[in-house]
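# Remarks on the overall topology
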Amino acid sequence: MTEGLEIVKFSATSTDVVHPIDAADRQLMKEIRTAAASAKGNVVREPFDAMMEQTPDAPGITYEPGTVGGVSGVWCRPSAASAGRAILYVHGGAYIAGSANAFRHLAGQIAARAGAAAFVPDYRLAPEHRFPAAFEDAHAAYRGLLQPETHAIAIVGDSAGGGLALALIAATCAEAANHGATAPCAGVAMSPWTDLALTGSSLENRAAADPFLTRAALAQAAAQYLAGQDARAPQASPLYGEFRDLPPLSVHTGTDEILLDDSRRYAQKARAANGDIALHLWEGMPHVFASTVGTLNAAEQALDLIGAFLRERLEAQ
């Protein structure tokens, strides 16, 4: 389902990678589209959490509740985790849904592949808690991970959590540059929502292709979270923030999602600032497709790439 989308095949020296869809995933996506059609655009907490809990467990992962930096959440611990290394996983849900418990399986899949424990904070949700509550909680959790015995921290997120992760990376890197704090060693964003002002052209030209999201649903969620505040505030929309001194970044996005341009434009700006960013474009894949590991081949492949990227950078510290 990539009609109307120009796919550029980049050279071997490019840091953009286009992953073609295979025949099995193409057929499965037809079935997923049919099943998802009646609920397109709906982000309701209980059904959303139930959907995310369907992501299978990774082998050797245990979960335990915890509190980091005053923020409660869930630890995802691989059986052979490297000491002194941690992942902060910021979950998605358009700032109005999602929970650490529901996303523990997806975070655990990444933790297992990266060989490092991951903490998923239960940041406050809108409309009960407005901007910048989610950013404040994610920031507090990151600072809580900064212990003397912790040598390296990577920040990972998906969807709204992907945008929040990128905003947090920019903020913590600025703090490190200005005040000598510890910066994250790497960042990963899956289908990040980087622009709450909703200015990307893919909101229109990928609308028919996206099986899950609608512009109207995102606009409603953004309004609930921002409550009249500036949609271009960097803590809400990292597309409008700073791109200096960022760590290596890896972004994974499907070509069949309306937030495609949120990733493309973010990568463009990061490169203009001499950033080290790899943008992976997965043909025919929907929003946060990695959560379908065990179903879509692309999900397994993307998680393997993310895990290898994180493991290399965490162990280099």
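Read on for a plain summary of the structure.

The rules behind the values
- Residues numbered from 1 in each chain as written.
- Predicted model: local features only at pLDDT ≥ 70, side-chain atom pairs only at ≥ 80, totals over all residues.
- Heavy atoms only, no water.
- Buried < 20%, exposed > 50% of the residue type's maximum accessible area, 1.4 Å probe, protein only.
- Helix = DSSP H or I, 4+ residues; strand = E, 2+ residues; numbered from the N terminus.
- Arc of directions from axis to C-beta.
- Contact = heavy atoms within 4.5 Å.
- Phe/Tyr/Trp six-rings, centres within 6.5 Å; stacked < 30°, edge-to-face > 60°.
- Lys NZ or Arg CZ within 6 Å of the ring centre and 35° of its normal.

### Focus: helix 2 (residues 45-52)
Among all positions in helix 2, only Phe48, Asp49 and Met52 are buried. The buried residues of helix 2 all sit within an arc of 95 degrees when viewed along its axis, so they share a single face. Contacts from the buried residues of helix 2 go to helix 3 (100-114).

### Digging into the packing of aromatic side chains
In this structure the tally under the stated criterion is seven aromatic pairs. Taking 5.2 Å as the distance between ring centres and 50 degrees as the angle between the ring planes, the aromatic pair formed by Trp75 and Phe119 counts as tilted. Of this pair, Trp75 sits in strand 3 (residues 71-78) while Phe119 sits in strand 5 (residues 117-121); the two residues are 44 residues apart in sequence, bridging distant segments of the chain. Its relative accessible area of 13% is what places Trp75 among the buried residues. Between the aromatic rings of Trp282 and Phe289, the centroid separation amounts to 5.5 Å while the plane-to-plane angle is 50 degrees, which identifies the pairing as tilted. Accessibility classification places Trp282 together with Phe289 in one group, the buried group. One Lys or Arg, Arg77, reaches over the ring of Trp75 and ends 4.4 Å from the middle of that ring. Directly above the aromatic system of Tyr63 lies the positively charged group of Arg104, at a separation of 5.5 Å from the ring centroid.

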